[in-house]
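Working through the structure, step by step
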Amino acid sequence: MSKKVILITGASRGVGHATARYLAGQKKQVLATARSQLLLEELKATDPRRIDYVACDLLDTASLQKIIDYIRDQNVEISALIHNAGGLVNKPFRQLTDQDWTAMWEMNVLSAVRLLRALLPFFAKKAHIVTIGSMGGFQGSSKYPGLSAYSTSKGALSIWSECMAAELKNDGISVNCLCLGAVQTEMFSAAFPGMKAPVKPDDMAQFIGDFALSGHQFMNGKVLPVALGDP
Ligand SMILES: NC(=O)c1ccc[n+]([C@@H]2O[C@H](COP(=O)([O-])OP(=O)(O)OC[C@H]3O[C@@H](n4cnc5c(N)ncnc54)[C@H](OP(=O)(O)O)[C@@H]3O)[C@@H](O)[C@H]2O)c1
């Protein structure tokens, strides 16, 4: 019988790292991924029985294959995918180049598309896909200078999540998007230098982990704001 795992992208630091540790603490098997092998090895060392990892660059299709190879070799099924990996470009609109826009689109939208396309054959029945969006990409939220390319890409990720919920409903797979507010991580410091976020990664990890485990019993195709305030 195949073993069930929760796959978490962007698990080498920040929110993804904390979510991997939280879910392992809930006695779930976690498959963590990110580019940094060293940081993933340190993550695995915190709970070697429950956490395993595949180092992979989500922007590189050949590298993506490493996740598929692992899933096949270990005969695992994905009970939940938390697509948390993301990138940030913080630049005033006047300075943003086509390269910056493409980088945001590639990292925050296309990487999710490619990953899901590759993983589709390996989902368990009643699996839950949780994409990690941003309040910056939530329609009607406050917007901030310098974050137009980032926020636009996160907005696209949330709409794509709604589309996937409609497409995958008949396969028994649910898809929801959590639009995070400020969490104290490296990315937050790069987006809002000098500011302090009201939420710590461990606290957000508990919410995301619990939502990944049970949120799909109550909702599908939802884009949810998860924020205390602005930003
Ligand atoms: N922190 C906030 O306030 C906040 C607010 C709203 C939304 N979010 C969203 O929450 C998610 C987590 O954010 P965070 O603050 O924890 O960010 P973070 O500390 O910058 O972590 C980002 C993660 O993504 C991974 N990653 C980046 N590029 C990658 C690539 N090409 N291939 C594979 N993995 C890659 C990084 O690992 P490697 O560098 O090792 O690859 C890292 O583990 C992101 O999607 C972010 O947009 C965060």
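Look up: the structure comes first, before these words.
The paragraphs below set out a description of the structure included in this document. None of these values were measured; they are calculated from a predicted model.

Around the ligand, the surrounding shell holds 29 residues, and the nearest of these are Arg35, Asn84, Tyr150, Lys154 and Thr185. A distance of 3.0 Å separates an oxygen atom of the ligand from a polar side-chain atom of arginine 13. In this structure, a nitrogen atom belonging to the ligand sits 2.9 Å away from a side-chain N or O atom of aspartate 57. Compared with its free state, where it exposes 880 Å², the ligand has 95% of that area covered by protein. If you list the elements that add at least two residues to the shell around the ligand, you get α1 (14-25), β5 (123-134), α5 (148-168) and α6 (186-191). With three residues, β5 is the single largest residue contributor to the shell around the ligand. Residues of the shell around the ligand, tallied by class, amount to 15 nonpolar, ten polar and four charged.

Running from amino to carboxyl end, helix α4 (residues 98-119) crosses α5 at an angle of 20°, the nearest separation of the two axes being 8 Å. Regarding the angle of α4 to α5, the classification is roughly parallel. Relative to α5, the crossing made by α4 is right-handed. On α5, the residues that touch Trp101, Met104, Trp105, Asn108, Val109, Ala112, Val113 and Leu116 of α4 are Ser148, Ala149, Tyr150, Thr152, Ser153, Lys154, Ala156, Leu157, Trp160, Met164 and Leu168. Residue composition of the contact of α4 with α5, grouped by class: 14 nonpolar, four polar and one charged.

So, how was this worked out
Residues numbered from 1 in each chain as written. Predicted model: local features only at pLDDT ≥ 70, side-chain atom pairs only at ≥ 80, totals over all residues. Heavy atoms only, no water. Near = heavy atom within 4 Å. Polar contact = N/O pair within 3.5 Å; in protein donor to acceptor, adjacent residues only side chain to side chain. Areas by Shrake-Rupley, 256 points an atom, 1.4 Å probe, with all protein chains shown as cover. Helix = DSSP H or I, 4+ residues; strand = E, 2+ residues; numbered from the N terminus. Nonpolar A, V, L, I, M, F, W, Y, C, P; charged D, E, K, R; others polar. Axes fitted to C-alpha atoms, helices over the stretch in contact; angles between N-to-C directions. Parallel < 35°, antiparallel > 145°, perpendicular 65-115°, else oblique. Left-handed = near helix turned anticlockwise from the far one by under 90°. Contact = heavy atoms within 4.5 Å.

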